[in-house]
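Coordinate analysis (summary)
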Amino acid sequence: MTTDQNDDSREQGVEFGSLAEELEEEAYPIGKEELLDTYGDEEIVLEDDTQTLREVLEPLGEDEFESADDVRQSVMTMVGDEAVGRKNYSDRGGETDSPESDEESV
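So, here's what we can say about the structure. (Residues numbered from 1 in each chain as written. Predicted model: local features only at pLDDT ≥ 70, side-chain atom pairs only at ≥ 80, totals over all residues. Heavy atoms only, no water.)

1. Let's talk about the side chain of Ser74
Topologically, Ser74 is positioned in helix 5 (residues 68-79). One polar contact links the side chain of Ser74 to the main-chain carbonyl oxygen of Asp70, over a distance of 3.0 Å. Beyond its immediate sequence surroundings of up to four residues, Ser74 is in contact with Leu57, Leu60 and Phe65. (Helix = DSSP H or I, 4+ residues; strand = E, 2+ residues; numbered from the N terminus. Polar contact = N/O pair within 3.5 Å; in protein donor to acceptor, adjacent residues only side chain to side chain. Contact = heavy atoms within 4.5 Å.)

Laid out in structure tokens, this is it:
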């Protein structure tokens, strides 16, 4: 089912789409230039934007990637806040400590 694939390919606000599976099937280590020659035009969907893998990774100083996880982590590092929806928001529940909450709970 397509929805499950999309859910599986989204990490920390970044949707890898079919690129996630392609990266898993790639032989590693792989050089950055070879990676970008092969997958550079693949699109990565951020919260309100789309960028190619080339746009995201080209400025990165890495020369080689050891695994698909290495590529994904590099993407996460390079997109930063662009992948975040609402800043300072967490849907994980629980309480956060703040000076205001201590005063109001009295």
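Now, onward.
2. Quick word on the environment of Val14
By the secondary structure assignment, Val14 is in strand 2 (residues 14-15). Residue Val14 is classed as buried on the basis of its relative accessible area, which comes to 0%. The spacing of Val14 and Leu46 is 32 residues in sequence and 5.0 Å in space, taken between C-alpha atoms. (Buried < 20%, exposed > 50% of the residue type's maximum accessible area, 1.4 Å probe, protein only.)

3. Some words on the nonpolar core
Val14, Phe16, Leu35, Ile44, Leu53, Leu57 and Val75 are the most contacted members of the largest nonpolar core, which totals 21 residues. Those elements that place two or more of their residues in this core are helix 2 (19-25), helix 3 (32-39), helix 4 (53-57) and helix 5. Sequence-distant contacts of Leu57, that is, excluding residues within four places in its chain, are made with Lys32, Leu35, Leu36, Phe65, Val71, Ser74, Val75 and Met78. (Core = buried A, V, L, I, M, F, W, Y, C linked by side-chain atoms within 4.5 Å.)

4. Considerations on helix 3
What helix 3 keeps buried is the set Lys32, Leu35, Leu36 and Tyr39. Buried residues of helix 3, viewed axially, fall in a sector of 95°; they line one side. In this structure, the buried residues of helix 3 make contact with helix 2, strand 3 (30-31), helix 4, strand 6 (64-65) and helix 5. (Arc of directions from axis to C-beta.)

5. Side note on unusual backbone geometry
Note the cis peptide between Tyr28 and Pro29, where omega equals 0°. Positionally, Pro29 belongs in the loop between helix 2 and strand 3.

6. Thoughts on helix 5
Its 12 residues give helix 5 an end-to-end C-alpha distance of 17 Å, which sits within 8% of 16 Å, the value for a rise of 1.5 Å per residue. Restricting attention to buried positions, one finds in helix 5 the residues Ala68, Val71, Arg72, Ser74, Val75, Met76 and Val79. (Expected span 1.5 Å × (residues − 1).)

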